[in-house]
Amino acid sequence: MRAAFVSKYGGPEVLEIRDAPIPAPRQNEVLVRVRAIGLNFADVVGRFGVYPGTPKPPFILGLEFSGDVVAVGSEVKTLKGRERVMGCSRLGSHAEYVTVNENLATALPASMTYEEGASFLVTYLSAYHGIVRLANIRKGEKLLVHAAAGGVGTATVQLAKHLGAEIFATAGTDEKVTLVKQHGAHYVINYRTTDFASEVRRLSNGHGVDVVMDSVGGETFRKSWKLLAQMGRYILFGISAVTGKGALNPMRVAATYSLMKPIFPPSLLGANKGIFGFNLGTLSSKESYFKEAVRDLLKLYDAGSLKPFIGKVFPFDQIVEAHRVLQTRQSVGKVVVVVGD
Ligand SMILES: NC(=O)c1ccc[n+]([C@@H]2O[C@H](COP(=O)([O-])OP(=O)(O)OC[C@H]3O[C@@H](n4cnc5c(N)ncnc54)[C@H](OP(=O)(O)O)[C@@H]3O)[C@@H](O)[C@H]2O)c1
């Protein structure tokens, strides 16, 4: 099979398409012929070698895919083979075939395309875990979503709209601002031309916001934490501010972290607010919780309340370019790479 290997840690150019043996499924695994790969920012961070648990090169990157089950291990109970599935893998899905534990593969609804399947799980599960499970957002509460034009961002805006939140959002270009409004956000701020913190304070008549979904960190964190109202819930689930256009710069990493000063727990009492962090990758043992969440999300997909937004589709041969577009903030929605015809 063909697979995209990380030949050494670094920028998109370190990805090399090479031949590799088709992996064999273990007892509780399925072998999937990959049809579409969903790119995630974690793939960018993993390529740089700074995602927790990233192996030494060479290795096959990739944590989200859709495709067809073509073989099952001897103890697999839920899949028989030949099903169309979407799934998450710790690594290995930047390839024509991938093996995953049967619990990490979910049957695709008949109406869902492979491209949508490769765009569904990470985006909507992040949105669900953040605003439903952790923040328990209520109808009418004010939510601030950063990087709102991206994969997780558009999913969060769609889910928050369904839940009746008042949505404040930020994005980095006027085109992205227009797009986020189309997805249902009430107020969208181009943070490059307008100070988002003073604008949110003005638009909310000084209230600030009840929930923040922050995957950027650094200066964005510093300003947004101050915007959090009493009884506010801050959800930190990424620190994309550490990356730039090219190689990872340790000075930039240090500067980003230093803007996120430690929070002194006793100060939270008087402020009546709190912070959660999450990483879906290290939560994979919560099988039944995620199965339930996916069931709820698929009902919303069937009802038309959620629709994965795919910004750009690349052929497998152009996977380097696909990575570059995601890393350099040129993407909107999900970036998908199709494998085969
Ligand atoms: N913890 C978890 O389990 C989990 C799961 C999924 C995703 N995430 C995190 O959520 C974030 C979004 O992931 P995604 O895959 O949906 O990506 P994405 O939002 O589609 O793309 C990244 C976007 O982030 C914004 N951004 C801000 N600072 C950036 C920087 N220094 N470099 C690059 N982009 C920057 C850009 O939007 P603007 O142009 O609008 O600034 C960019 O388009 C990432 O931080 C990712 O690590 C975490």
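What you see is a predicted model, and the numbers here were worked out from it, not measured in a lab.

A. Layout of the overall build of the protein. The number of helices and strands found in the protein is 11 helices and 16 strands. Here the protein has a C-alpha radius of gyration of 20 Å; the compact-globule value for 341 residues is 20 Å, and the two agree. Along the first, second and third principal axes, the C-alpha atoms of the protein reach 60 × 45 × 40 Å. Within the protein, buried positions represent 46% of all 341 residues. For the protein, long-range pairs separated by at least 24 residues make up 68% of all intrachain contacts whose partners lie at least 6 apart in sequence.

B. Quick look at the domain arrangement of the protein. The assigned domain composition of the protein is domain 1 (2–120 + 308–338) and domain 2 (123–281). One C-alpha centre belongs to domain 1, the other to domain 2; they are set 27 Å apart. The interface of domain 1 with domain 2 comprises 18 residues on the first partner and 18 residues on the second. Here the side of domain 1 that touches domain 2 gets 3 residues from one element, more than from any other, and that element is helix α1 (residues 41–47). Here the residues of the side of domain 1 that touches domain 2 sort into 9 nonpolar, 7 polar and 2 charged.

C. How the structure looks around helix α4 (residues 151–163). Compared with an ideal rise of 1.5 Å per residue, which puts 13 residues at 18 Å, α4 spans 19 Å between its outermost C-alpha atoms and is within 8% of the ideal. What α4 keeps buried is the set Gly 151, Val 152, Gly 153, Thr 154, Ala 155, Thr 156, Val 157, Gln 158, Leu 159 and Ala 160. Where α4 is buried, its residues contact α3 (121–134), β9 (142–145), β10 (166–171), α5 (174–182), β12 (209–214) and β16 (334–338). One or two steps after α4, the chain reaches Gly 164, where phi turns positive at roughly 85 degrees.

D. Fine view of the pairing of β12. In terms of burial, β12 is largely enclosed, as 6 of its 6 residues are buried. In this sheet, β12 lies alongside β9 in parallel orientation, the contact comprising 3 bridges. Its bridge partner lying in β12, Leu 144 is registered against Val 212. With helix α7 (residues 219–227) bridging β12 and its parallel neighbour strand β13 (residues 228–236), the resulting β-α-β unit is right-handed.

E. Structural detail: α5. What α5 keeps buried is the set Lys 176, Val 177, Leu 179 and Val 180. Each buried residue of α5 lies within a common arc of 165 degrees when the element is viewed along its axis, so the set occupies one face. Exposed side chains of α5 directed beyond 90 degrees from the buried face belong to Asp 174, Glu 175, Thr 178 and Gln 182. Against α4, β10 and β11 (187–190) lie the buried residues of α5.

F. Representation of the site of the ligand in the model. Around the ligand lies a shell of 28 residues, among which Gly 150, Gly 151, Gly 172, Ser 215 and Gly 238 are the nearest. Taken together, the elements giving at least two residues each to the shell around the ligand come down to α1, α3 and α4. Top element by residues in the shell around the ligand is α4. It accounts for 3 residues. For the shell around the ligand, the per-class residue count stands at 13 nonpolar, 13 polar and 2 charged. Residue assignment places the shell around the ligand across two domains, with domain 1 (2–120 + 308–338) and domain 2 (123–281) each supplying three or more.

G. Inspection of unusual backbone geometry at higher detail. Pro 58 follows Pro 57 through a cis peptide bond whose omega is 0 degrees. The topology assignment puts Pro 58 in the loop between α1 and β4 (59–60). The phi torsion at Arg 82 lies on the positive side, around 80 degrees, for a residue other than glycine. Positive phi is not limited to glycine here, since Arg 329 has a value of about 65 degrees. Among the secondary structure elements, Arg 329 is positioned in the loop between α11 (319–327) and β16. The exposure class of Arg 329 is partly exposed, given the 17 C-beta atoms found within 10 Å.

H. Representation of the environment of Thr 99 within the structure. Tracing the backbone through its elements, the reader meets Thr 99 in strand β7 (residues 97–101). Assessed through the 19 C-beta atoms surrounding it within 10 Å, Thr 99 is described here as partly exposed. Along the primary structure Thr 99 and Pro 109 are separated by 10 residues, whereas in three dimensions their C-alpha atoms are 21 Å apart. If sequence neighbours within four positions are ignored, Thr 99 has contacts with Pro 23, Pro 25, Glu 29, Val 30 and Leu 31.

Rules used throughout
- Residues numbered from 1 in each chain as written.
- Predicted model: local features only at pLDDT ≥ 70, side-chain atom pairs only at ≥ 80, totals over all residues.
- Helix = DSSP H or I, 4+ residues; strand = E, 2+ residues; numbered from the N terminus.
- Rg over C-alpha atoms; globule rule 2.2 N^0.38 Å.
- Buried ≥ 20, exposed ≤ 12 C-beta atoms within 10 Å, placed from the backbone.
- Contact = placed C-beta atoms within 7 Å.
- Domains from an automatic or database assignment.
- Nonpolar A, V, L, I, M, F, W, Y, C, P; charged D, E, K, R; others polar.
- Expected span 1.5 Å × (residues − 1).
- Pairing = 2+ DSSP bridges.
- Right-handed = clockwise from strand over helix to strand, strands pointing away.
- Arc of directions from axis to C-beta.
- Near = placed C-beta within 6 Å.

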